Protein chains: 6
Amino acid sequence: MINKDNFANNSKYLCSNNDYENSSIVIIGAPMDYTVSFKPGTRFGPQAIRAASLSLEAYSVYMNRNLLDKKYCDLGDLTLPFGNVEKSLKIIGDAAKEIIQDDKKPLFLGGEHLISAPIIKEVNNKYGEELVVLHFDAHTDLRTKYFDEENSHATVIRKAAKFLNNKNIYHFGIRSGIKEEYEFAWKNTNMFLFEVIEPIKMVLNDIKNKPIYITFDIDVLDPAYAPGTGTPEPGGITSKEALEAIHILKDMNVVGMDLVEVSPDYDHSGITSILAAKLIREAILSFL
Amino acid sequence: MINKDNFANNSKYLCSNNDYENSSIVIIGAPMDYTVSFKPGTRFGPQAIRAASLSLEAYSVYMNRNLLDKKYCDLGDLTLPFGNVEKSLKIIGDAAKEIIQDDKKPLFLGGEHLISAPIIKEVNNKYGEELVVLHFDAHTDLRTKYFDEENSHATVIRKAAKFLNNKNIYHFGIRSGIKEEYEFAWKNTNMFLFEVIEPIKMVLNDIKNKPIYITFDIDVLDPAYAPGTGTPEPGGITSKEALEAIHILKDMNVVGMDLVEVSPDYDHSGITSILAAKLIREAILSFL
Amino acid sequence: MINKDNFANNSKYLCSNNDYENSSIVIIGAPMDYTVSFKPGTRFGPQAIRAASLSLEAYSVYMNRNLLDKKYCDLGDLTLPFGNVEKSLKIIGDAAKEIIQDDKKPLFLGGEHLISAPIIKEVNNKYGEELVVLHFDAHTDLRTKYFDEENSHATVIRKAAKFLNNKNIYHFGIRSGIKEEYEFAWKNTNMFLFEVIEPIKMVLNDIKNKPIYITFDIDVLDPAYAPGTGTPEPGGITSKEALEAIHILKDMNVVGMDLVEVSPDYDHSGITSILAAKLIREAILSFL
Amino acid sequence: MINKDNFANNSKYLCSNNDYENSSIVIIGAPMDYTVSFKPGTRFGPQAIRAASLSLEAYSVYMNRNLLDKKYCDLGDLTLPFGNVEKSLKIIGDAAKEIIQDDKKPLFLGGEHLISAPIIKEVNNKYGEELVVLHFDAHTDLRTKYFDEENSHATVIRKAAKFLNNKNIYHFGIRSGIKEEYEFAWKNTNMFLFEVIEPIKMVLNDIKNKPIYITFDIDVLDPAYAPGTGTPEPGGITSKEALEAIHILKDMNVVGMDLVEVSPDYDHSGITSILAAKLIREAILSFL
Amino acid sequence: MINKDNFANNSKYLCSNNDYENSSIVIIGAPMDYTVSFKPGTRFGPQAIRAASLSLEAYSVYMNRNLLDKKYCDLGDLTLPFGNVEKSLKIIGDAAKEIIQDDKKPLFLGGEHLISAPIIKEVNNKYGEELVVLHFDAHTDLRTKYFDEENSHATVIRKAAKFLNNKNIYHFGIRSGIKEEYEFAWKNTNMFLFEVIEPIKMVLNDIKNKPIYITFDIDVLDPAYAPGTGTPEPGGITSKEALEAIHILKDMNVVGMDLVEVSPDYDHSGITSILAAKLIREAILSFL
Amino acid sequence: MINKDNFANNSKYLCSNNDYENSSIVIIGAPMDYTVSFKPGTRFGPQAIRAASLSLEAYSVYMNRNLLDKKYCDLGDLTLPFGNVEKSLKIIGDAAKEIIQDDKKPLFLGGEHLISAPIIKEVNNKYGEELVVLHFDAHTDLRTKYFDEENSHATVIRKAAKFLNNKNIYHFGIRSGIKEEYEFAWKNTNMFLFEVIEPIKMVLNDIKNKPIYITFDIDVLDPAYAPGTGTPEPGGITSKEALEAIHILKDMNVVGMDLVEVSPDYDHSGITSILAAKLIREAILSFL
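Let me begin by describing the structure that accompanies this report. Treat the numbers as computed from the prediction; the structure is a model and nothing was measured.

### A word on the relation of the copies chain A and chain B
Take chain A, turn it by 180°, move it 0.0 Å along the axis, and it overlays chain B with an RMSD of 0.0 Å. Given the turn and translation reported, the copies of this chain are related as if by a two-fold rotation axis. Residues of chain A ranked by C-alpha distance from the rotation axis are headed by Tyr 34 of chain A, positioned 2.4 Å from it.

### Description of the interface of chain C and chain A
With 22 residues of chain C at the interface, the matching set in chain A holds 22 residues. Approximately 2,000 Å² of surface area, both sides summed, lies buried where chain C meets chain A, with 59% of it carried by carbon and sulfur atoms. On the surface where chain C and chain A come into contact, there are zero salt bridges. Taken together, chain C and chain A are joined by one residue pair in polar contact (both at pLDDT 80 or more). Listed by contribution, the elements that provide at least two residues to the side of chain C that touches chain A are strand S1 (7-8), strand S5 (72-78) and helix H2 (85-101) of chain C. The element that contributes the greatest number of residues to the side of chain C that touches chain A is S5 of chain C, accounting for four residues.

### What about the pattern of salt bridges?
Applying the stated rule across the entire model yields 79 salt bridges over all chains. A salt bridge links Glu 198 of chain A to Lys 201 of chain A; the nearest nitrogen and oxygen atoms lie 3.9 Å apart. Here Glu 198 of chain A pairs with Lys 201 of chain A, and both are found in helix H6 (residues 197-207), just three residues apart, close to one helical turn. The partner of Asp 94 of chain D in a salt bridge is Lys 90 of chain D, with the nearest N and O atoms 2.7 Å apart. Of the two residues, Asp 94 of chain D and Lys 90 of chain D are both situated in helix H2 (residues 85-101); the distance of four residues between them amounts to about one turn of the helix. Sharing partners across several salt bridges, the network here consists of Arg 50, Asp 74 and Asp 77 of chain A.

### Some thoughts on the relation of the copies chain C and chain A
Rotating chain C by 180° and translating it 0.0 Å along the rotation axis places it on chain A, where the RMSD comes to 0.0 Å. Same-surface contact between copies: 100% of interface residues of chain C are shared with the interface of chain A.

### A few points about the packing of helix H2 (residues 85-101) of chain A against helix H3 (residues 116-127) of chain A
Residues and elements named next belong to chain A. Running from amino to carboxyl end, H2 crosses H3 at an angle of 35°, the nearest separation of the two axes being 8 Å. Considering the relative orientation of H2 and H3, their crossing is right-handed. Across the interface between the two elements, Leu 89, Ile 92, Gly 93, Ala 96, Lys 97 and Ile 100 of H2 pack against Pro 118, Ile 119, Glu 122, Val 123 and Lys 126 of H3. A class-by-class count of the residues in the contact of H2 with H3 yields seven nonpolar, one polar and three charged.

### Concerning the sheet that holds strand S6 (residues 105-110) of chain F
Reading across the sheet, the nine strands line up as S1(E)-S5(F)-S2(F)-S6(F)-S11(F)-S10(F)-S7(F)-S8(F)-S9(F) and stay open at both edges, with mixed pairing between neighbours. Each having just a single partner strand, strand S1 (7-8) of chain E together with strand S9 (190-193) of chain F make up the two edges of the open sheet. Bridging between strand S10 (residues 212-217) of chain F and strand S11 (residues 254-260) of chain F involves six bridges; their strand directions are parallel. Following the sheet pairing, Ile 214 of chain F is matched in S11 of chain F by Met 257 of chain F. Of the strands in this sheet, strand S2 (25-30), strand S5 (72-78), S6 and S11 of chain F are in contact with helix H1 (residues 45-53) of chain F, which crosses S5 of chain F at around 145°.

### Describing the interface of chain A and chain B
Contacts between chain A and chain B engage 25 residues on the former and 25 residues on the latter. Here chain A and chain B share an interface that buries about 1,900 Å² over both sides, 54% of which is from carbon and sulfur atoms. Sorting the residues of chain A by area buried against chain B places Phe 82, Phe 147 and Glu 149 of chain A first, and these three jointly supply 27% of that buried surface. At the junction of chain A with chain B, the criterion picks out two salt bridges.

### Quick word on the sheet that holds strand S9 (residues 190-193) of chain E
Here nine strands make up an open sheet; going across it, the order is S9(E)-S8(E)-S7(E)-S10(E)-S11(E)-S6(E)-S2(E)-S5(E)-S1(F) and the pairing mixed. Only two strands of the sheet have a single neighbouring strand rather than two, namely S9 of chain E together with strand S1 (7-8) of chain F. Where helix H2 (residues 85-101) of chain E meets the sheet, it contacts strand S2 (25-30), strand S5 (72-78) and strand S6 (105-110) of chain E, and its direction lies at approximately 155° from that of S6 of chain E. Sheet strands touched by helix H6 (residues 197-207) of chain E: strand S7 (132-136), strand S8 (169-174), S9 and strand S10 (212-217) of chain E. Its angle to S8 of chain E, the strand with the most contacts, is close to 170°.

### Regarding the environment of Gly 235 of chain A
For Gly 235 of chain A, the location among the structural elements is in the loop between strand S10 (212-217) and helix H7 (239-248). Spatially, the C-alpha atom of Gly 235 of chain A lies 33 Å from that of Val 26 of chain A, the residues being 209 residues apart in sequence. Apart from the residues within four sequence positions on either side, Gly 235 of chain A is in contact with Arg 175 and Asp 222 of chain A together with Tyr 62, Ser 239, Lys 240 and Leu 243 of chain D.

Conventions adopted
Residues numbered from 1 in each chain as written. Chains lettered and ligands numbered in written order. Predicted model: local features only at pLDDT ≥ 70, side-chain atom pairs only at ≥ 80, totals over all residues. Heavy atoms only, no water. Least-squares fit on C-alpha atoms with pLDDT ≥ 70 in both. Contact = heavy atoms within 4.5 Å. Buried area = accessible area lost by both parts, 1.4 Å probe. Salt bridge = Lys/Arg side-chain N within 4 Å of Asp/Glu carboxyl O. Polar contact = N/O pair within 3.5 Å; in protein donor to acceptor, adjacent residues only side chain to side chain. Helix = DSSP H or I, 4+ residues; strand = E, 2+ residues; numbered from the N terminus. Axes fitted to C-alpha atoms, helices over the stretch in contact; angles between N-to-C directions. Left-handed = near helix turned anticlockwise from the far one by under 90°. Nonpolar A, V, L, I, M, F, W, Y, C, P; charged D, E, K, R; others polar. Pairing = 2+ DSSP bridges.

In structure tokens, the structure reads:
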């Protein structure tokens, strides 16, 4: 008989297992990219992040922690009906719901940012008005409509704002949006422009005893660090800052996370995927 | 005053004008790519084809004809609501309708293949059961549903088959599909596998006095000749064969055409765009 | 509980299962690329072929057969000690041996061409002097040494010739080698230059009742059709010819096969991987 | 009749109009790249910057200003006789002259840096010895000859220095040149090595009441931020610093500007073009 | 002392020596690309062809000849004043003149097609009206002016036609030009459209006792086979046909040759460079 | 006779000569990449660094020094038996030994990091326990085995640690490794995480009178600055910091150096090669 131990598993996130039952964290890919306004291609993001993760070590010297000490499974990519936004969002939301009901933490890999909407809705259903949302992004994503559509990667946080306690929404690294979006934020949420490190430190006390959901758009990084994304926006943070942001949140009560908008077709050297993979590793070790 | 003659127009198809009124052919880009099942990116196809056209001559030695002797305008790309399939198809159909009502010939640049559905519907409304559809493609595109969706690049010809006179549908160069699609075609339409030249010659007599609509999926070409497309399928025709196919149809009564599925992100040397641009030139000179 | 049916398996060859016991064909990736003399990178070949296979249909209109009617598993990639040629070849040979002993057919995805040596050795151990080897390649691969090394992608067929019945070795599509290699072939084996179709037809009668092993180097294709390989050699066959070669061998007694030298880093549009994936599909349906 | 409002204008800079008469700023592309010593390709720079601009917002949260409140037209690219340096420079100079005579501000998109020479000459003709030139670049561009040629991208500022008041020339971010160039600068102009922010702040008082022309070579950015250029020079500034440089100059009396050396063929992810597009937006809002 | 035999020479064409005196063929790179109208970048062509040549064998099974039996040197690339067309052409012409005066055969690697003009002039000076020019190209290159310039890659053969015996000019594979160019050719030279093999066979008898110069523009190949060129033109010949063209001319009295328009920046997989390198090898073995 | 002064030398490092005898520094390429665990391709690193060097100036304004004042030769790339690790390391070591015995300083261009092992061994043979090794890298490279192999790019510093005085090993910029590697370092060597500038300043006094060998893995840079490498690790240093590191070491007693892991196939814009070339220039000027 063939010895299966001789074979590598190339298709799952580094050190993940297949044991849903005994996992506390559940990785899922959501390969949706239909509503994007500039460059599509994020549907291949989850696969690229997983492949890149295999070049990383399980041990992090930043945290002095090891992935082998964590229990998480990677279920692979959801099968979505391409082009059907409503059904796709429902499938994503249903998956999130199951995970949350099973008392596990969802860790979604995008896909476009719109996937966050149904996930946050399910997280909110469980945690209610205490729920804090940390939104890392170059873009406000606070439109009510975009090209006349309510379902768009540019409306995702505004959709979430309808049911969230807006005082608990924090935006970091933002540098692009229309005036109306900023006006909404100045009035209702907590908007931090351009930077992430100082702002997080500033609010750490306010959020530390609350359940936290993190939605991380890779374009909060400068395009130099994350060229592989659909709407790169110059003037962003560095990879060191992104890593530090994860580390500052060490041992906070994070109940779920998504990392979105990695687009491998624009990531010719693969540096965006490997950055995303490392951020996921540090997130798992730091607070998931 | 600045002399505007010193400036080049980089954004329209070679030798096109802006005079809709006096044009007999109307070029329109339909940058839709939401329902594709493999690699998206065809939304940038029309722009790439236009840019590539500028490296061509207006004169064709194949036809001994010159674009400067033809009257056609290029309206640019339709503004579409990204992610909303229904609305996008309606906008495309409405544009086609106007052009046909104004007794002009539509020449659409895709975008994904699904854009052909509303265009063919409008052409059919005008020409009825006499209408012949010549379908160049690697894929049958004859599914009833795809990933549970009726609106898909894989269903486009089946959608059209609902209202077309199926005896007048001709498929050329086909080499990929599921068994049910071929069974539908063997029974209802005219399916020619793998090749285009001999089949066209064979049917030329049957179609020569009828109004003809041509839907040309660039992936009928072998990936060596057209790598820049979402679902390349090896075993296809050569560029010489594609050009000859256009030339065989010389002076036929072609009432409209689309060329779809050019995806510049996978076309690193630009050879797919330039091939598409040349096919468009020859089509204009040959039968439009 | 989460429904696992909602998730796609992105990491295995199209329609393969995980049931080794009940499979008659076994797909294995051998990600070795250390001895190549020009451009390395074939270690990522197997993964790229699998990913590309997902854009194909299970049904082949060429064969009127369907992958769903075949039983084959995909074990993934062997874990190899990078840089250690001897150990790597042993691991590959051991895997081949197990499969053959279990009365299954090995289908290896390379990796560099040297991986064929230990596989052919095991096949030869079972089938002996009756064994026919069909070698599709641009290069003779008949050196005794290369850069003073016996273990090299350029020596693989010569290594095999030591134990094979040389009268049963057939080379197709060859167009590059040193004079000594051709002299060896003219004297001992059956060498067909440049072409594949006519030569195969010519020898079909001689091989049809014998056990056949096929070693297929993707660079037998012209670089236009298969740019993603380490030592592309202009003047090769087309994708239609490669497919036809597979089809001519329909229902022959093929007992094993490898397809090698796909190098995704030089395959920017992915057309080499998809061609390899399609050749594998047709091979499974035609004779495996 | 077709509704032209349904169509997008893909070929002009974001929010530009076609109304030369009523514009105070005039954007022109100068697609010249014949004298470059390393990698050509900047002739496609203007088109790439325009295409990239369409992914930006009209509103800038940095400035709290909106492009819709500015009046500027984009005339497209000048038609130049490829290979003829003298004639090309004359055409560029003539265009600049017209714009300046019409009391508008020229905003040229390169093309290679040599295009700045005739533009600065015309600006100097109008503003004379008061004119300040702010030169952002990795390279001194102060040679008298380059490969025995006086007309070269490496001589452009030296050519301008012949007629400019050299005390009003300021170089920022410089890190490459031959010793003679630095000696010229130390003696005649104001040379700031490596950095841009502190130097600008230092000289702000000296220039604030004078007419200012800005020539911005994208390679002042580190290659990580602007890989798409012909002679990338490591050790440069970040995108945040480049944006800040624009912002520091808020409401200064800038009478013209060029942004040069964007080379799309080396800008695989498009991050250089989008950075250039954003710098142009901020420049229009900040001081043009 | 270090043993220099341990080091590889990566920078010269395969098996070339440094011994100008005893060489009968002299390889020179002419890295000029200033007058091209579409995509520049051919200045890196000679280096890329040389690097690619190192993956080829010295022995050709097509010819049963070996490069080691030929005496040729590779002088490297000429140093040209970028942007100065006149001086560059003079430098190229002077080099050609020396080689011809020393009774050696020049083998130039372009660079753009305009480099052929001064070379052909020198060859013509030696061989006079007997001289045959075989012109392989997709483009007529017979303009009198291009963008108002007489020195252009599009005028090169017309420039040569001024001093050549036009009855001895043969064009092969042509498929792009303006009507006036064809009219000139129909009247004065020998124009063969689209194809190369049959035409060469047809004229072989007429040219076999005359001195022959070959100017080979890589874009005579279809873009599928030679994507790495500035103005690819679909509908061209295959690599097999290009090789056969060289082989048909076996042992003809070829007195010089150039191969131009290889542009590595558009040759992402390197297949154009390797094709050019192989054509050069076959040319050396066949008739140089 | 042809004038050889008209030709450029494209294949050697900027301003290098061929005069081994009179050189104090000897540049050698070691194109080995067989043991790498992720992406191979560094064998083309030395050639790419040399080609990129030609776009730099000989004069450095950082150092106010000029390459023309230094005497160094570039011997080209060693010919290595691909796939044979032991023999390749021996050839590299032998070359290093000769250079050191001839009282010259070796400057090796990799190739993978494993090439440093035999070089450091020879340097150690000469300088003994006084020898300081400065190790710039993202990875610890301190494993005893990797995939069961002792010879691996991941074991190189541990191999060296066997014969070096471990107290004299200094690691800078490290951010990836397994726990056992860090434990070894904390106990035996001097490990500085993440940063390079402050650590070097801290140890400058300790090393300033000792012979120093520098092994510089390009992946110490963040992938934004050096995407062209096999195992990019986010969170690294900037190009300014790398340059400053070289400058801080000005006029130290550096007796040899290597720069490894530049992989041109992942360096699509060439920014990694040009950074490596500039670091080499500054190293030559600063301390070699």
